[in-house]
Amino acid sequence: MKLGIVGLPNVGKSTLFNSLTNAKAESANYPFCTIDPNVGIVPVPDERLDMLGKLYESNKITPAVIEFVDIAGLVKGASKGEGLGNQFLSNIREVDAIIHVVRCFENDNVIHVEGKINPLRDIETINMELIFSDIEILERRIAKTSKGARNDKTLAKELDLLNRIKNHLDEGNLAKSFKTDDEEEIEWLNSYNLLTNKPVIFAANVSEEDLKDDAANNPFVNQVREFAAKEGFEVFVISAEIEMEISELDEEDKKLFLDDLGITQSGLDKLITASYKLLGLMSYLTAGKDETRAWTIKVGTKAPQAAGKIHTDFERGFICAEVVNYKDLLECGSHAAAKEKGLVRLEGKEYVVKDGDVILFRFNV
């Protein structure tokens with residue numbers, strides 16, 4: 001999973017990135033201190049792996065990972081070359097979802113690029129730049145498709161779609177809200193890789209005081225929540241400064257620190273939960289002496305395709321999957337004991353893998 005972190009300058013983007021990845025990207029109180037996208041790989045915390053690793057005395061534990069890309073602060077007019085211009089846009093096109101950091105705190109010592117805190121205006125500024133960039137992509141595609149559309153029915157159909165999407169964006173709408181029931185059109189739309197067609201998670205960056213009640217009384221955060229609900233996006237509340245402090249603690253001290261703050265989850269944990277939910281992802285597990293590992297798949301994935309995540313041969317030569325729930329396995333104390341109790345099942349090609357399944361695939365190529 002690859003997530004791009006975007007936002008206006010001085011909203012807490014690079015501070016958040018640093019805290020998530022411990023990569024120490026340059027962070028300063030002035031616009032454009034992040035010029036090249038910083039990339040950090042973060043393991044997904046999963047206590048199931050540690051417990052299974054102990055049970056199997058595994059030599060290696062391999063968690064699922066998330067790749068974060070921190071992209072330079074964006075300003076109004078970026079799509080026309082203002083600030084850093086289009087430099088950041090190609091980096092966003094590669095990500096699965098966008099983490100849009102929105103400033104929801106007042107602080108006279110941290111200047112706001114627009115001079116005043118207004119999360120909805122900030123969101124609109126970035127959305128419009130993404131829309132303008134997508135329109136540019138569509139215009140190039142329309143020019144190219146027009147050449148052959150007269151003599152090709154498929155190209156004519158695609159040209160009609162391109163014009164309809166462009167009109168939709170011209171009205172200030174995101175590509176994500178464009179509606180079509182035609183499967184071929186849906187496939188085309190997804191292939192254009194439009195920025196405004198990507199899922200978005202808003203990170204509402206608040207002060208430490210607002211963390212305790214999940215910013216229930218913060219009017220800025222409530223504005224973001226209302227906007228996200230209408231668009232079908234996720235929101236999580238975070239304090240980038242607090243996350244920076246948490247990132248420098250070990251697990252035991254981290255828990256004590258969170259308890260003192262009166263919160264149960266760190267921002268990273270909340271972000272991972274929101275990301276998995278938004279992208280419809282989950283993890284199944286493999287366990288053994290050599291390695292215990294988490295594999296990220298789409299919810300609804302069938303056993304052969306899940307096997308293909310490990311190796312294409314597993315999918316091609318799939319025979320069956322030996323499946324046990326991780327809780328049952330841990331309670332029984334061994335795979336053999338779980339088998340004796342009838343908790344290990346043999347599943348075929350139509351089995352839909354569930355979150356927390358521990359699977360041994362049988363295949364023959």
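Residues numbered from 1 in each chain as written. Predicted model: local features only at pLDDT ≥ 70, side-chain atom pairs only at ≥ 80, totals over all residues. Heavy atoms only, no water.

### Describing the overall build of the protein
Part 1 of the argument: In terms of regular secondary structure, the protein is built from 15 helices and 12 strands.
Part 2 of the argument: Looking at the protein as a whole, 51% of its 365 residues qualify as buried.
Part 3 of the argument: Across the protein, contacts joining residues at least 24 apart in sequence account for 68% of those joining residues at least 6 apart.
Part 4 of the argument: Surface exposure of the protein reaches about 18100 Å², of which carbon and sulfur atoms provide 48%. (Helix = DSSP H or I, 4+ residues; strand = E, 2+ residues; numbered from the N terminus. Buried < 20%, exposed > 50% of the residue type's maximum accessible area, 1.4 Å probe, protein only. Contact = heavy atoms within 4.5 Å. Areas by Shrake-Rupley, 256 points an atom, 1.4 Å probe, with all protein chains shown as cover.)

### Considerations on the packing of helix α4 (residues 119–149) against helix α8 (residues 219–231)
Part 1 of the argument: At a closest axis distance of 9 Å, the pairing of α4 and α8 adopts a crossing angle of 45 degrees. By the angle between their directions, the pair α4 and α8 is classed as oblique. Between α4 and α8, the contacting residues are P119, L120, I123 and N127 on the first element and F220, Q223, V224 and F227 on the second.
Part 2 of the argument: Of the residues that constitute the contact of α4 with α8, the class distribution is six nonpolar, two polar and no charged. (Axes fitted to C-alpha atoms, helices over the stretch in contact; angles between N-to-C directions. Parallel < 35°, antiparallel > 145°, perpendicular 65-115°, else oblique. Nonpolar A, V, L, I, M, F, W, Y, C, P; charged D, E, K, R; others polar.)

### Describing the packing of aromatic side chains
Part 1 of the argument: Inspection of the entire model under this criterion finds five aromatic pairs.
Part 2 of the argument: Ring geometry for F202 versus F233: centroids 6.1 Å apart, planes at 65 degrees, classification edge-to-face. Within this pair, whereas F202 is found in strand β6 (residues 200–205), its partner F233 is found in the loop between α8 and β7 (234–238), the two being separated by 31 residues in sequence. We note that F202, like F233, is buried.
Part 3 of the argument: Connected via pairs of aromatic rings, a cluster forms that spans F202, F227 and F233. (Phe/Tyr/Trp six-rings, centres within 6.5 Å; stacked < 30°, edge-to-face > 60°.)

### Side note on the confidence of the model for the protein
Part 1 of the argument: Predicted confidence across the protein gives a mean pLDDT of 85, with 88% of residues reaching 70 or more.
Part 2 of the argument: A low-confidence stretch, residues 27–35 (pLDDT under 50), is modelled with 27 contacts involving residues beyond four sequence positions or located in other chains. (pLDDT = per-residue confidence, 0-100.)

### Points about the side chain of H100
Part 1 of the argument: Relative to the assigned elements, H100 resides in strand β5 (residues 97–103).
Part 2 of the argument: Contact partners of H100, with chain neighbours within four places excluded, come to V6, G7, D122, I123, I126, V200, I201, F202 and A203.

### Things to note about the layout of surface pockets
Part 1 of the argument: In this structure, the largest pocket spans a volume of roughly 980 Å³.
Part 2 of the argument: Taken together, 38 residues form the lining of the largest pocket, with P43, V44, P45, D46 and D269 sitting closest to its centre.
Part 3 of the argument: Where the lining of the largest pocket is concerned, the elements lending two or more residues are α1 (13–21), β2 (38–43), α2 (47–56), α9 (240–247), α10 (251–261), α11 (267–279) and β8 (281–286).
Part 4 of the argument: The element best represented in the lining of the largest pocket is α11, accounting for five residues.
Part 5 of the argument: Looking at side-chain class alone, the lining of the largest pocket contains 19 nonpolar, nine polar and 10 charged residues. (1 Å grid on protein atoms, 1.4 Å probe; cavity = no way out; pocket = protein on both sides within 12 Å on 5 of 7 lines; lining within 4 Å. Points joined across faces, edges and corners; volume = space filled by probe spheres on them.)

### Structural notes on the nonpolar core
Side chains of a nonpolar character, in soluble globular proteins, are inclined to be buried together.
Part 1 of the argument: If you look at the biggest cluster of nonpolar residues, it comprises 88 residues, and the most contacted ones within it are F68, I92, C104, I165, Y192 and F202.
Part 2 of the argument: For C104, the contacting residues outside a window of four places in its chain are P119, A204, N205, V206, N218, F220, V221 and V224.
Part 3 of the argument: Formed by 15 residues, the second largest nonpolar core is a distinct cluster that contains Y284, W295, F318 and V353. (Core = buried A, V, L, I, M, F, W, Y, C linked by side-chain atoms within 4.5 Å.)

### Topic: unusual backbone geometry
Part 1 of the argument: For E57, which is not glycine, the phi dihedral falls at a positive 50 degrees.
Part 2 of the argument: Note on placement: E57 falls in the loop between α2 and β3 (61–62).
Part 3 of the argument: Phi at N193 is positive, roughly 55 degrees, even though this residue is not glycine.
Part 4 of the argument: Its relative accessible area of 32% is what places N193 among the partly exposed residues.

### As for empty space enclosed by the protein
Part 1 of the argument: Evaluation of the coordinates by the stated rule reveals two cavities of 30 Å³ or more.
Part 2 of the argument: Of the pockets and cavities examined, the largest cavity occupies roughly 80 Å³.
Part 3 of the argument: As for the largest cavity, its lining consists of V6, I98, H100, I126, N127, L130, L174, L195, T196, K198 and V200.
Part 4 of the argument: Here the element with the most residues in the lining of the largest cavity is α4; it accounts for three residues.
Part 5 of the argument: Considered class by class, the residues forming the lining of the largest cavity number seven nonpolar, three polar and one charged.

### Details of α11
Part 1 of the argument: Compared with the 18 Å implied by 1.5 Å per residue over 13 residues, the 18 Å span of α11 between its first and last C-alpha is a close match.
Part 2 of the argument: When we look at burial in α11, the residues that qualify are G267, L268, D269, K270, L271, I272, A274, S275, Y276, L278 and L279.
Part 3 of the argument: G280 lies just past α11 and shows a positive phi near 65 degrees. (Expected span 1.5 Å × (residues − 1).)

### Some remarks on the sheet that holds strand β4 (residues 65–70)
Part 1 of the argument: Spatial strand order, β2-β4-β1-β5-β6-β7: six strands in an open sheet with mixed pairing. Each edge of the open sheet carries a strand with a single partner, namely β2 and β7. The mean inter-strand angle of the sheet, taken between neighbouring strand axes irrespective of direction, is 25 degrees.
Part 2 of the argument: The sheet contact formed by β5 and β6 spans six bridges and is parallel. By the bridge assignment, I98 is partnered in β6 with V200.
Part 3 of the argument: Its contacts with the sheet place α11 against β1 (2–6), β2, β4, β5, β6 and β7, and it is angled at close to 180 degrees to β7. (Pairing = 2+ DSSP bridges.)

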